[in-house]
Amino acid sequence: MKLLSIVGARPNFMKIAPLVHAVEGHNRDITVESQRITHCLVHTGQHYDAAMSAAFFNALNIPQPNIDLGIGSGTHAEQVGKTMMALEPVLLREKPDWVVVVGDVNATCAAAITAKKCHLRLAHIEAGLRSFDKRMPEEINRMVTDTLSDLLFTTDELANDNLRREGHSAGKIRLVGNIMIDTLESQRVKAQELTLASILERYGNTVPAWLNEPFGVVTLHRPSNVDAAEVLMPLVRVLSDEVATCLPLIWTVHPRTRERLKQCGVWASLQQHPRIALIDPVDYHAMLKLNMEARLMLTDSGGLQEECCVLGTPCITLRDNTERPVTLRENGGTCVLTGPDPDKMLRAVESFLSIPPASVSLRGSSSTHQQPIGKE
Ligand code: UD1
């Protein structure tokens, strides 16, 4: 059998790693040559900075992609269109039995459309997630990809419900759990061995005196949060003037966000802030370590919400909705939604800080087969 899988952006890499390694394991174990799986890994190049791409391939021991389409940045239409044009001849030449896509980035959607237009069978890992917010680019990517897929691998029952409600036949849906959490479980020991000081030094900051204290971690990259100064600046103000005074912050800054902070004229002052450490995007193990040690996560990332639930890190989700409702506290997770509203965010910070770390609800893991653990 021949598989062709496609990745494009940072959150794809931790989802493809277990599949790559499972195929390698299968090929090592087989006794009959006809059972061999040929795996062609295609990188669309949506993310191309070493910190956003190569660092994850290295950390997760993913082999170099067989094919790199080198798409790069652009508008949504440019990214999707260029990916489709570059991928079509690859699919026609490689003729895989299955095309496998993961997650919900533009590469996922572009690959799904191209595969089906080439009459190839398509499997989607992390199917069925819905935020019900079509202003979110990933929601469109998820809906298009699921509509076209022949096999829908899901993380939880709520995703199954969404797919059934949309009319997908039960035979196409397989509840397999969360492949990204498989990566977390396989890497947590390696992450634990890192020191916080080494992470800060490596990713561009001096080691602050407060590093022995409880700290929060910030990540922000969604266009809805960072593109408009009217949304970004109030967030920056509450982080720097309010949150950081009670909880020092390590902020891993996405390239998009860094540009916006510079355009808004606050980059230099944030760099000087005594209680905020700005660092470059970190690799997989460093992020896992930061999450393990954080008193609190403030993020608009989907994947981090899930990882927080498994690690027991209280998570303030700076979004009005989530496609991962299992991560919410009311469903047994560790996350609360505050949107980009500074007041709600501050109240959530105060509320979480008033609860001793160990008593944060830890029942909710988005994985069907992993149990979350508490913080020491
Ligand atoms: C993409 C995904 C998002 C995911 C996020 C993780 C879509 C629609 N969005 O958003 O779901 O959560 O990745 O990071 O697919 N840039 C660089 N270097 C890079 C990549 C990007 O500097 O290696 C900068 C460029 O200015 C680019 C901008 O970041 O225009 C945004 O990158 P893009 O891939 O368009 O979207 P993300 O915001 O990263």
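Thresholds applied
- Residues numbered from 1 in each chain as written.
- Predicted model: local features only at pLDDT ≥ 70, side-chain atom pairs only at ≥ 80, totals over all residues.
- Heavy atoms only, no water.
- Near = heavy atom within 4 Å.
- Polar contact = N/O pair within 3.5 Å; in protein donor to acceptor, adjacent residues only side chain to side chain.
- Areas by Shrake-Rupley, 256 points an atom, 1.4 Å probe, with all protein chains shown as cover.
- Helix = DSSP H or I, 4+ residues; strand = E, 2+ residues; numbered from the N terminus.
- Nonpolar A, V, L, I, M, F, W, Y, C, P; charged D, E, K, R; others polar.
- Disulfide = S-S within 2.5 Å.
- Expected span 1.5 Å × (residues − 1).
- Buried < 20%, exposed > 50% of the residue type's maximum accessible area, 1.4 Å probe, protein only.
- Arc of directions from axis to C-beta.
- Contact = heavy atoms within 4.5 Å.
- Core = buried A, V, L, I, M, F, W, Y, C linked by side-chain atoms within 4.5 Å.
- Axes fitted to C-alpha atoms, helices over the stretch in contact; angles between N-to-C directions.
- Parallel < 35°, antiparallel > 145°, perpendicular 65-115°, else oblique.
- Left-handed = near helix turned anticlockwise from the far one by under 90°.
- Salt bridge = Lys/Arg side-chain N within 4 Å of Asp/Glu carboxyl O.

Undergrad: Help me understand the site of the ligand, please; the structure alone is not making it clear to me.
TA: Every one of the 18 residues lining the ligand counts as a neighbour, but His 47, Asp 49, Asn 106, Glu 138 and His 221 are closest to it. Backbone polar atom of Asp 49 to an oxygen atom of the ligand: 2.8 Å apart, as the coordinates give it. Taking His 254, its side chain carries an N or O atom lying 2.9 Å from an oxygen atom of the ligand. Here the ligand has 740 Å² of accessible area as a free molecule, and 86% of this is covered by the chains. Elements supplying a minimum of two residues to the shell around the ligand: α1 (10–29), α3 (76–94), α5 (137–148) and α11 (255–263). Partitioning the shell around the ligand into residue classes produces 6 nonpolar, 8 polar and 4 charged.

Undergrad: Any chance you could explain the state of the cysteines here in plain terms?
TA: Here a disulfide denotes one covalent bond, and it connects the sulfur atoms of two cysteines. Enumeration over the complete set of coordinates arrives at 0 disulfides. Among the cysteines around Cys 315, which has no disulfide bond, Cys 335 carries the closest sulfur, lying 3.8 Å off.

Undergrad: Would you mind showing me how to read helix α15 (residues 342–353) here?
TA: Taking 1.5 Å per residue, 12 residues should reach 16 Å; α15 reaches 16 Å between its end C-alpha atoms and fits that length. Along α15, the positions that sit buried rather than exposed are Met 345, Leu 346, Ala 348, Val 349 and Phe 352. For α15, the angular spread of the buried residues around the axis is 160°, confining them to a single face. Residues of α15 that are exposed and angled more than 90 degrees away from the buried face: Asp 343 and Arg 347. Buried residues along α15 sit against α10 (229–246), β11 (296–299), β12 (315–317) and β13 (335–337).

Undergrad: Can you help me understand the nonpolar core in this one?
TA: Inside soluble globular proteins, nonpolar side chains tend to come together where they are buried. Counting 33 residues, the largest nonpolar core has Ile 16, Ile 62, Leu 184, Tyr 284 and Leu 288 as the members making the most contacts within it. Put simply, the parts of the chain that give this core at least two residues each are β1 (2–7), α1, α2 (54–59), β4 (98–102), β5 (121–127), α7 (179–192), α13 (284–293) and α14 (302–311). The dominant element in this core, judged by the number of residues it contributes, is α1, at 7 residues. What Leu 184 contacts, discounting residues up to four positions off in sequence, is Tyr 284, Leu 288, Glu 307, Val 310 and Leu 311.

Undergrad: For this particular structure, what's the right way to read the packing of α10 against α15?
TA: To describe two helices that pack against each other, one gives the angle between their axes and the distance between the axes. One way to put it is that α10 packs onto α15 with a least axis distance of 10 Å and a crossing angle of 20°. By the criterion of interaxial angle, the relationship of α10 to α15 is roughly parallel. Here α10 runs over α15; the crossing is right-handed. Residue-level inspection shows Pro 234, Leu 235, Val 238, Leu 239, Glu 242, Val 243 and Cys 246 of α10 in contact with α15, the latter providing Pro 342, Met 345, Leu 346, Val 349 and Leu 353.

Undergrad: Would you mind showing me how to read the pattern of salt bridges here?
TA: Pairing between side chains of opposite charge can happen when their charged atoms approach one another. Per the counting criterion, the structure on display carries 23 salt bridges. Between Lys 116 and Asp 150 there is a salt bridge whose closest N-O contact spans 2.8 Å. In this pair, Lys 116 sits in helix α4 (residues 106–117) while Asp 150 sits in the loop between α5 and β6 (151–154), placing the two residues 34 residues apart along the sequence. Its relative accessible area of 24% is what places Lys 116 among the partly exposed residues. Classification of Asp 150 as partly exposed rests on a relative accessible area of 29%.

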